[in-house]
Amino acid sequence: MNKAERAIDELRGIDKLTSINSPMHRLSPLSKMALTIIYIITTVSFHKYDLWGIIPMVLFPIIGYQFSLIPVSTCFKKLRIVMPLVCCVGLLNPFFDKAVITYIGTVGVSGGVISMVTLMLKGVFCLMASFLLVATTTAEEICAALNKIHCPKILTSLFLLTVRYISVLLEEVANMTDAYHLRAPGQKGIHISAWGSFLGQLILRSMDRAQALYESMLLRGFNGVIDYPEKENKNKYSWVVAIICIVLIIFTRYFNIPAYLGSLAL
Amino acid sequence: MHMADALLAPSVATVMYGASTVAAGLSIYKIRKEEKSSVKEYSKLPVMAVMAALVFSAQMINYTIPGTGSSGHICGGFLLSALLGPWAGFLSMIVVLAIQGLFFADGGLMALGANVWNMAFYGCFVGYFLIWKPIMGTKLNNRVKVILASIIGCIVTLQLGAFSVVVETSLSGITELPFGKFCGLMQPIHLAIGLVEGLITSAILVFVNEARPEILSGVKANAQAKQKLSFKTTIIVLAVIAVITGGIFSLFASGNPDGLEWSLFGNAEEGYSANMGLDEEDYGNQSAAADKAAAIQEKLSILPDYAFSSNPDNAAGTSVSGVVGAAGVAAIAALVCIAGGAARKSAKKKED
């Protein structure tokens, strides 16, 4: 399977997830977006040494996944993309910050190690939250929510059209790549002699395709704006749920739950 | 170069969102103005969508880099601004980055503003207005212009993007890595990536320019006599770029020891004197033969420590070192090519 085919699979997988009917899917898209953004901002705002404080933040996405009927493991394969840069930056911290700031038993732990683990956890938590949003909200719902907060319509229409067109062009790229590799077995990528013509031809065809698309849209009464239908089975209490979650998130940010539980146990 | 949410502090992310929003607002204003004055109303949107989808899909294609065994992909921002113009290209890149961040976890929701700035702003605006447009306005052959603009554009915009990543991460207080060292890690890597992406982008744009020059933004079709770019011209152009790059950029080269020297001898001026505790002057095997060899090397080397031997602080010395270094590398590369060619010929002869 080539890269383009893998991307098609991922897009289809997300499409499938958004079609599930669950309490999380029924929340209004705008409330989910607000909740996700506040969660991400709160998560990244934790101090780099506040490792114990950040751990309870994992509960929010995990509970969200349970309510959305989606296994948490679904998002883990996405970590392969987001984690390399985070790890590269984080892994160097122990070499530059060697001062011991805490002890686990008798073993001293340096600030660099703590900040490295905290950074990685932040990366994982943020990914879990944003994937939960995408897995429970369709592209149309995201665009409709953005329109409600007066995001320029040209951007939302462009976003929606691009999402729809990506799978068409990905399929074309996948077919072209397959055809090329059948003619050049064992070759890792596109040979230098075909660098220009391989994608150049697709660009020319895509330009013609865009023209045809434009004309067909005009025929269907396109006036520069795409309208989105409202979802029928939307949860009436979406904002109540979202506000309760936001309050809990802010509480977790300012109240160190693990330290409190530890003091109770001791 | 996609930044994840975890690499940014909320304050830095907000500032970057603000900056990107201003650029997006200006782009929307310009596009609306263009649409109003155009006969074909609303025609930009479908073209922008198809091109954004194309760039996204095209980034899935691996291009083999000859002689390295690795592969690269296209420079999206620059390609889009060359095809659609800077305003439409910028908006299309925003959408590409948003889709990559949301659906493919390549980036992040909070880091979108920073990613737009690092990859779309430089690629579309700096690349278009400061590189693509001025070069396309010259009287050179169309093909030469496209090649030059693509390579220089991709290198410069990627360097700026990589530098912004370092600044944003450092301002966020995420890494303990000192700013200078972080730059030292990021910039050279992206110099190589930029060169490869520039070559791929130039190959594609040259093909489009040959087939349908009217598609490219800022290219006057048939304005130039149809003249093929010869291999000789390409080599001369690249040689001039190498000399200029080596000459100018070596003036800004760090005077600090490189990684290996630093780890062996430290840098007392910067406060790192320990490391392996070796003394630079007395390091190595001490013998009469070694001393003699060192003395001969001292006499023969015209550029010890990359400067003229008579005056080590001379900036011109550093500059000449860059030029000589570039020429040396070019000579070695040429020798390797000649040797490889000879080996291939002899192998072919044997086969026959």
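From a predicted model like this one, the values you see are computed outputs, not experimental measurements.

**A closer look at the overall build of chain A**
What chain A contains, in helices and strands, is 13 helices and two strands. Scaling as 2.2 N^0.38, a compact globule of 266 residues should have a C-alpha radius of gyration of about 18 Å, whereas chain A reaches 23 Å, well beyond that. Summarising its shape, the C-alpha atoms of chain A cover approximately 70 × 55 × 30 Å along the three principal directions. Relative to its full complement of 266 residues, chain A shows a buried share of 37%. Excluding contacts between residues fewer than 6 apart, the proportion of contacts in chain A whose partners are at least 24 apart in sequence is 77%.

**Section: the overall build of chain B**
Counting its secondary structure elements, chain B contains 11 helices and two strands. Across the 352 residues of chain B, 41% fall into the buried class. Nonlocal contacts in chain B, meaning residues at least 24 apart in sequence, comprise 68% of its contacts between residues at least 6 apart.

**So, the nonpolar core**
Of all hydrophobic cores here, the largest spans 152 residues; its most connected members are M48(B), M51(B), I94(B) and I204(B). No other element matches the 15 residues that helix α5 (residues 112-136) of chain B contributes to this core. If sequence neighbours within four positions are ignored, I94(B) has contacts with L155(A), A24(B), V116(B) and A120(B).

**Things to note about the interface of chain A and chain B**
On the chain B side, the residues contacting the 71 residues of chain A number 60 residues. With 15 residues, the single largest contributor to the side of chain A that touches chain B is helix α11 (residues 195-219) of chain A. For the side of chain A that touches chain B, a count of residues per class yields 45 nonpolar, 18 polar and eight charged.

**Observations regarding the packing of helix α3 (residues 29-44) of chain A against helix α8 (residues 111-136) of chain A**
All names here are of chain A. α8 packs onto α3 with a crossing angle of 175° between their chain directions and a minimal axis gap of 9 Å. Here α3 is positioned roughly antiparallel relative to α8, judged by the angle of their axes. Note on element contacts: α8 touches α3 through K122, F125, C126, A129, S130, L133 and T136, opposite K32, M33, T36, Y39, I40, T43 and V44. Partitioning the contact of α3 with α8 into residue classes produces eight nonpolar, four polar and two charged.

**Details of the environment of W87(B)**
All names here are of chain B. With respect to the helices, strands and loops of the structure, W87 is situated in helix α4 (residues 86-103). W87 sits in the buried class, given 25 other C-beta atoms within 10 Å. Expressed as a C-alpha distance, the spacing of W87 and Y128, which sit 41 residues apart in the sequence, is 9.9 Å. Once residues lying within four places of it in the same chain are set aside, the contact partners of W87 are S27, K30 and I31.

**Comments concerning the confidence of the model for chain A**
Mean pLDDT for chain A: 86, with 97% of residues reaching 70 or above. The lowest-confidence element of chain A is helix α6 (residues 79-91) of chain A, averaging 78 in pLDDT; the highest-confidence one is α3(A), averaging 93.

**Section: the domain arrangement of chain A**
The parts lose accessible area when they come together, and the size of an interface is often stated as this lost area. With domains assigned, chain A is organised as domain 1 (18-137 + 232-260) and domain 2 (152-219). Placing a centre on the C-alpha atoms of domain 1 of chain A and another on those of domain 2 of chain A gives a separation of 35 Å.

**Let's talk about the pairing of strand β1 (residues 100-104) of chain A**
Residues and elements named next belong to chain A. Of all the five residues making up β1, zero are buried; the element is thus mostly uncovered. Note: β1 against strand β2 (residues 107-110), four bridges, orientation antiparallel. The residue bridging Y103 from the neighbouring strand is G108, located in β2.

**Observations concerning unusual backbone geometry**
One non-glycine residue with positive phi stands out, namely L69(A), at about 60°. Along the chain, the position of L69(A) falls in the loop between α5 (59-67) and α6. Looking at L69(A), the number of C-beta atoms within 10 Å reads 14, which means it is partly exposed. Residue A105(B) is not a glycine yet carries a positive backbone phi of 60°. With 26 C-beta atoms packed within 10 Å, A105(B) lands in the buried category.

**Side note on α5(B)**
Residue and element names in this part refer to chain B. The first and last C-alpha atoms of α5 sit only 31 Å apart over 25 residues, clearly below the 36 Å expected at 1.5 Å per residue. In the structure, α5 departs most strongly from a straight axis at Y128, where the bend amounts to approximately 55°. With 20 of its 25 residues buried, α5 lies for the most part within the structure.

**Points about the packing of α3(A) against helix α9 (residues 139-148) of chain A**
Residues and elements named next belong to chain A. Packing of α3 against α9 brings their axes to within 8 Å, and their N-to-C directions diverge by 80°. Considering their axes alone, α3 and α9 lie roughly perpendicular with respect to each other. Contacts between α3 and α9 involve P29, L30 and M33 on the former and, on the latter, E141, I142, A144, A145 and K148. Grouping the constituent residues of the contact of α3 with α9 by class yields six nonpolar, no polar and two charged.

**Topic: the environment of P10(B)**
Along the chain, P10(B) turns up in helix α1 (residues 10-37). Classification of P10(B) by C-beta neighbours within 10 Å gives partly exposed; the count is 16. Spatially, the C-alpha atoms of P10(B) and M110(B) are 7.9 Å apart, while their sequence positions differ by 100 residues. In this view, P10(B) contacts I41(A), V44(A) and S45(A); residues no more than four positions away in its chain are not counted.

**Considerations on the confidence of the model for chain B**
Residue and element names in this part refer to chain B. Looking at chain B, pLDDT values average 74 and 61% of them are 70 or higher. The low-confidence segment residues 252-266 (pLDDT under 50) makes 21 contacts with residues lying over four places distant or belonging to another chain. Note on residues 274-278: pLDDT under 50 across the span, and 11 contacts to partners over four residues away in sequence or across chains. Overall fold confidence (pTM) sits at 0.74, and the ipTM for the predicted complex is 0.88.

**Digging into α3(A)**
Along its 16 residues, α3(A) runs 23 Å from first to last C-alpha, staying within 8% of the 22 Å computed at 1.5 Å per residue. Burial within α3(A) is extensive, with 12 of its 16 residues counted as buried. Turning to α3(A), the residues buried within the fold contact α4 (51-54), α5, α8, α9 and α12 (238-254) of chain A together with α1 of chain B.

Calculation rules
- Residues numbered from 1 in each chain as written.
- Chains lettered and ligands numbered in written order.
- Predicted model: local features only at pLDDT ≥ 70, side-chain atom pairs only at ≥ 80, totals over all residues.
- Helix = DSSP H or I, 4+ residues; strand = E, 2+ residues; numbered from the N terminus.
- Rg over C-alpha atoms; globule rule 2.2 N^0.38 Å.
- Buried ≥ 20, exposed ≤ 12 C-beta atoms within 10 Å, placed from the backbone.
- Contact = placed C-beta atoms within 7 Å.
- Core = buried A, V, L, I, M, F, W, Y, C linked by C-beta atoms within 7 Å.
- Nonpolar A, V, L, I, M, F, W, Y, C, P; charged D, E, K, R; others polar.
- Axes fitted to C-alpha atoms, helices over the stretch in contact; angles between N-to-C directions.
- Parallel < 35°, antiparallel > 145°, perpendicular 65-115°, else oblique.
- pLDDT = per-residue confidence, 0-100.
- Domains from an automatic or database assignment.
- Pairing = 2+ DSSP bridges.
- Expected span 1.5 Å × (residues − 1).
- Bend = angle between axes of the 7 residues up to and from the residue.

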